[in-house]
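# Structural overview for review
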Amino acid sequence: SYSLNTTTLTDGTRAIQVRATDNAGLQTTTSLALLVDNTIPASTFSSAPTANAWYAGSVTFSGTSSDVTSGVASLQRRTDNGAWSTLSGTTTWSFTVDTTTLSDGQHTFYVQATDMAGNLESTAVKTINIGNVPPVSSLDATCPAPSSNGWCKAPINVVVSASSTAPIQSVSYW
């Protein structure tokens, strides 16, 4: 019995040989091909959706995974600290998230690949912001000196305001 530490070997096919010699001097040699893969796979999110940008509704993530030695065997994904779920595909993949099932704010999405040798990558990460709740706006107008029949004349004080979990892009009135 012999324990071989494959991390000292380069990736690829390696031959292991054993030779047995008896007291009469007779020998036999046996060889075994060993497939060595010490390299972890790698996954990368594509550029869309943009990291740290704000999104609402359905968001589709896509990317690629690769393993130079044994190939990608499986992919998994998760949202935040949720459970891992199987992702279809091996070299290219995509998944769509219904952001209305998530709270407003920042969320992190993870993808990890496992190669044919069982090496697990250290996870690709993409963080985006979710803002599904529409902004709240208010409008108030006061007439400093209304006439007896309710009509106002200039100046009228108008106050417009808005708030949201996502940054307010613009506020306008007409």
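Let me begin by describing the structure that accompanies this report. This structure is a prediction, so every number in the text was calculated from the model and none was measured.

Procedures and definitions
Within every chain, residues take consecutive numbers counted from 1 along the sequence as written. The model is predicted, so local features are restricted to residues of pLDDT at least 70 and side-chain atom pairs to those at 80 or more, both for listing and for counting; the totals for chains, interfaces and linings are taken over all residues. Computation of side-chain values covers all heavy atoms of the structure but excludes hydrogens and water. Whenever a pair of cysteine sulfur atoms sits within 2.5 Å, that pair is classed as a disulfide. Accessible area is worked out with a 1.4 Å probe on protein chains only. A residue is then buried under 20% of its type maximum, exposed over 50%, and partly exposed in between. Exposure above 30% relative accessible area and the lack of any salt bridge qualify a residue for a patch; like charges then connect within 9 Å, and the nonpolar side chains Val, Leu, Ile, Met, Phe, Trp and Tyr within 5 Å. The accessible surface values rely on the Shrake-Rupley method and a 1.4 Å probe; as for residues, cover is taken only from the protein chains in view. Any Lys or Arg side-chain nitrogen located within 4 Å of an Asp or Glu carboxyl oxygen qualifies as a salt bridge. Secondary structure follows DSSP: runs of H or I at least 4 residues long count as helices, runs of E at least 2 residues long count as strands, and numbering of each begins at the N terminus. Throughout this description, the term nonpolar core refers to a set of buried Ala, Val, Leu, Ile, Met, Phe, Trp, Tyr and Cys residues connected via side-chain atoms within 4.5 Å. Any two residues having at least one pair of non-hydrogen atoms within 4.5 Å are treated as being in contact. DSSP bridges decide pairing: two strands pair if at least two such bridges lie between them. Each polar contact in these results corresponds to two N or O atoms within 3.5 Å; when the atoms are within protein, one needs to be able to donate a hydrogen and the other to accept it, and residues that are neighboring in sequence are counted only if both atoms are side-chain atoms. Note on definitions: angles span 0 to 180 degrees between N-to-C directions of axes, and those axes are lines fitted to C-alpha atoms, for helices only across the stretch in contact.

### Focus on the state of the cysteines
- Considering all chains together, one arrives at 1 disulfide under this definition.
- Each sulfur of the disulfide joining Cys143 and Cys152 lies 1.9 Å from the other. Residues Cys143 and Cys152 are joined through a disulfide that is left-handed, its torsion about the S-S bond being -135 degrees.
- Take Cys152: its relative accessible area is 34%, and that puts it in the partly exposed class.

### A closer look at a nonpolar patch on the surface
- Judged by side-chain polarity, Leu139, Ile156, Val158, Val160, Ile168, Val171 and Tyr173 come together as a nonpolar surface patch covering roughly 630 Å² of accessible area.
- Note on Ile156: relative accessible area 43%, which makes it partly exposed.

### As for the environment of Tyr173
- By secondary structure assignment, the location of Tyr173 is in the segment after strand E12 (157-163).
- The exposed category is assigned to Tyr173, whose relative accessible area is 59%.
- Taking C-alpha positions, Tyr173 is 8.8 Å from Leu139, a pair spaced 34 residues apart along the chain.

### Topic: the nonpolar core
- Of all hydrophobic cores here, the largest spans 16 residues; its most connected members are Phe45, Phe61, Leu75, Trp93, Phe95, Phe109 and Val111.
- Listed by contribution, the elements that provide at least two residues to this core are strand E5 (58-66), strand E6 (72-79), strand E8 (92-98), strand E9 (105-115) and strand E10 (124-130).
- Sequence-distant contacts of Leu75, defined by excluding residues within four places in its chain, comprise Ser43, Ser65, Ser85, Thr86, Leu87, Ser88, Gly89, Thr90, Trp93, Val111, Gln112 and Ala113.

### Concerning the pairing of E9
- Within E9, 9 of the 11 residues are buried, leaving the element largely enclosed by the surrounding structure.
- Pairing of E9 with E10, which is carried by 7 bridges, proceeds in the antiparallel orientation. In the sheet register, Tyr110 faces E10, and the bridge partner there is Val125.

### Remarks on the environment of Asp11
- Looking at the element boundaries, Asp11 is found in the segment before strand E1 (12-21).
- C-alpha of Asp11 to C-alpha of Thr69: the two residues are 58 residues apart in sequence and 6.8 Å apart in space.
- Polar contacts involving the side chain of Asp11 include one to the side chain of Thr39, which spans 2.4 Å.

### Some remarks on the sheet that holds strand E3 (residues 42-45)
- The antiparallel open sheet is built from 3 strands, whose spatial order is E3-E5-E8. Looking at the sheet topology across the chains shown, the edges are occupied by E3 and E8. Pairs of neighbouring strands in the sheet enclose a mean axial angle of 25 degrees, with direction left out of account.
- In the sheet, E3 pairs with E5 via 4 bridges, with the strands oriented antiparallel. Bridging across to E5, Ser43 finds its partner in Ser65.

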